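Spelled out from the first residue to the last, the chains are:
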Amino acid sequence: MMLLSVLQANAVVLDVDANLKTLDAAAQRAAAAGASLLLTPELFPVGYAPLRLHAELDPAVIPGIRGRLADIARSRAIGLVYSLPAPAADGGWHISATLLDAHGTVLLDYDKVHLFGEEERKAFSAAQAAPGVVDFNGVKTSLLICYDVEFPESVRAAARRGAELLLVPTALSAGFDAVPQVLIRARALESQLNVAYANHSGHEDGCDFLGGSVVAGPDGSLLAAAGDGAALLFAEISTESVKAAREQVPYLRERRPELYREWEDSAPQG
């Protein structure tokens, strides 16, 4: 068993000091409660405002922000998932997520594959690399970001690589209630792993966020859920529940990918 914490909060766009203060306070509370890991929302340290970030954020400050986040993990003795812009091969930026251990060491990086909406597509480049999987405190752990989790193929790719826990920073606006309430639980059930989903709350630079952060178990059960305001969630996640779910109904083992490829290739175009 591992105690996981999930931060849901309102960020201030381009006010890194304020956002890191919020994040540090959450890390302190989570560690004091015995949590091994704190998951935070998409782009939280800089705020979620793709076009403003593209126009106003100096890429030279990113390494310093990463250093400060590593200091938080180290000083609070807690693992941390954060999301920031990261350099892309085409000269632009990806939206990235990073998993740190309690010593502030980077265990895993991931760049967002599915960009949502015109603003993200103007400000960022879509990545292509599959989600990686690492051991975090004995739990095989992977990362996706926001819209990625809405594609079953992304979650299945992590599960097929052995993931037992999927951590998802997100920036989901109001009006998409079905995503945390239905879709996250469905993704956890169909790929039989724990899924934690951390969203912003409140209003940021023209966007009203839903809140609604959740943690779902490998049987689709709801382990923790937030309302629309600031919250720090806690959930106990288990590798044994993953093993039990995969033995009871062996979705991963009984897939027929060759057949699915035939179906895909023979599907009508357009």
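I will try to describe carefully the structure that is included in this document. What you see is a predicted model, and the numbers here were worked out from it, not measured in a lab.

Analysis parameters
- Residue indices begin from 1 for each chain and proceed along its sequence in written order.
- With pLDDT at 70 or above as the cut-off, local features in this predicted model cover only qualifying residues; side-chain atom pairs require 80 or more to be listed or tallied, and sums for whole chains, interfaces and linings still use all residues.
- No hydrogens and no water enter the side-chain calculation; it runs on all heavy atoms of the structure.
- Numbering of helices and strands starts at the N terminus; helices are DSSP runs of H or I of at least 4 residues and strands are runs of E of at least 2.
- When accessible area is computed with a 1.4 Å probe and restricted to protein chains, residues below 20% of their type maximum are described as buried, those above 50% as exposed, and intermediate ones as partly exposed.
- Two strands pair under a simple rule: DSSP has to find at least two bridges between them.
- Lines fitted to C-alpha atoms define the axes here, with helix axes fitted over just the stretch in contact, and angles between the N-to-C directions of these axes take values from 0 to 180 degrees.
- The contact criterion used throughout is that any non-hydrogen atoms of two residues lie within 4.5 Å.
- Under the rule applied, a polar contact is a pair of N or O atoms within 3.5 Å (in protein, one hydrogen donor and one hydrogen acceptor; residues adjacent in sequence only if both atoms are side-chain atoms).
- In what follows, roughly perpendicular refers to angles from 65 to 115 degrees, roughly parallel to angles under 35, roughly antiparallel to angles over 145, and oblique to any angle outside these ranges.
- In this scheme the crossing of two helices becomes right-handed for a clockwise turn of the near helix relative to the far one and left-handed for an anticlockwise turn of less than a right angle.
- Side-chain classes follow a simple rule in which Ala, Val, Leu, Ile, Met, Phe, Trp, Tyr, Cys and Pro form the nonpolar group, Asp, Glu, Lys and Arg form the charged group, and the remainder, Gly included, forms the polar group.
- Helix span, expected: 1.5 Å multiplied by one less than the number of residues in the helix.
- The directions from the helix axis to the C-beta atoms form the arc being described.

1. A few points about unusual backbone geometry
In this model, L43 sits at a positive phi of 55 degrees, which is unusual for a non-glycine residue. Tracing the chain through its elements places L43 in the loop between β2 (37-39) and α2 (50-56). The buried category is assigned to L43, whose relative accessible area is 0%. Backbone geometry at Q192 places phi at a positive 55 degrees, although glycine is not the residue there. Within the element layout of this structure, Q192 appears in the loop between α6 (178-191) and β9 (194-198). Residue classification places Q192 among the buried positions, given a relative accessible area of 2%.

2. Structural notes on the sheet that holds β2
Here six strands make up an open sheet; going across it, the order is β5-β4-β3-β2-β1-β14 and the pairing mixed. The open sheet is flanked by β5 (106-111) and β14 (231-237), the only strands paired with a single partner. Taken over all neighbouring pairs, the strand axes of this sheet differ in orientation by 30 degrees on average, direction set aside. Sheet topology note: the strand β1 (residues 2-8)/β2 ladder contains three bridges and is parallel. Residue pairing for β2: L4 is matched across the bridge by L37. Running at roughly 40 degrees to β14, helix α1 (residues 16-32) makes contact with β1, β2, β3 (79-87) and β14 of the sheet.

3. Examining the side chain of H94
Here H94 lies in strand β4 (residues 93-100). Overall, H94 belongs to the buried group, its relative accessible area being 11%. Within polar-contact distance, the side chain of H94 engages the backbone oxygen of S125 at 2.8 Å. Every residue in contact with H94, bar those within four places of it in the chain, is listed here: L84, P85, A86, P87, A88, D111, F124, S125, A126 and A127.

4. Re the side chain of T239
With respect to the helices and strands, T239 occurs in helix α7 (residues 239-248). Not counting the four nearest positions on each side in its chain, T239 is found in contact with G138, V139 and E164.

5. Looking at the packing of helix α5 (residues 152-160) against α6
Remark: α5 packs on α6, axes separated minimally by 10 Å, with the N-to-C direction vectors making an angle of 40 degrees. By the angle between their axes, α5 is oblique relative to α6. Considering only the axes of α5 and α6, their crossing is right-handed. Judged by residue contacts, P152, V155, R156 and A159 of α5 engage R187, E190 and S191 from α6. Residues of the contact of α5 with α6, tallied by class, amount to three nonpolar, one polar and three charged.

6. Quick word on the environment of L14
For L14, the location among the structural elements is in the loop between β1 and α1. Beyond its immediate stretch of four places on either side in the chain, L14 contacts V46, R52, L53, E56 and L57.

7. As for the environment of I65
Relative to the helices and strands, I65 resides in helix α3 (residues 62-76). A relative accessible area of 4% places I65 in the buried class. When sequence neighbours within four positions are dropped, the list of residues in contact with I65 reads V16, P45, V46 and L84.

8. Here we look at α3
With 15 residues, α3 should reach 21 Å at 1.5 Å per residue; the first-to-last C-alpha distance of 21 Å fits that figure. Turning to α3, its buried residues are I62, I65, L69, A70, I72 and A73. Each buried residue of α3 sits inside an arc of 155 degrees when the element is viewed along its axis, so together they form one side. For α3, exposure combined with an orientation more than 90 degrees from the buried face picks out P63 and S75. Looking at the buried side of α3, the elements it contacts are α1, β3 and β4. Directly after α3, the chain includes A77, whose backbone phi takes a positive value near 55 degrees.

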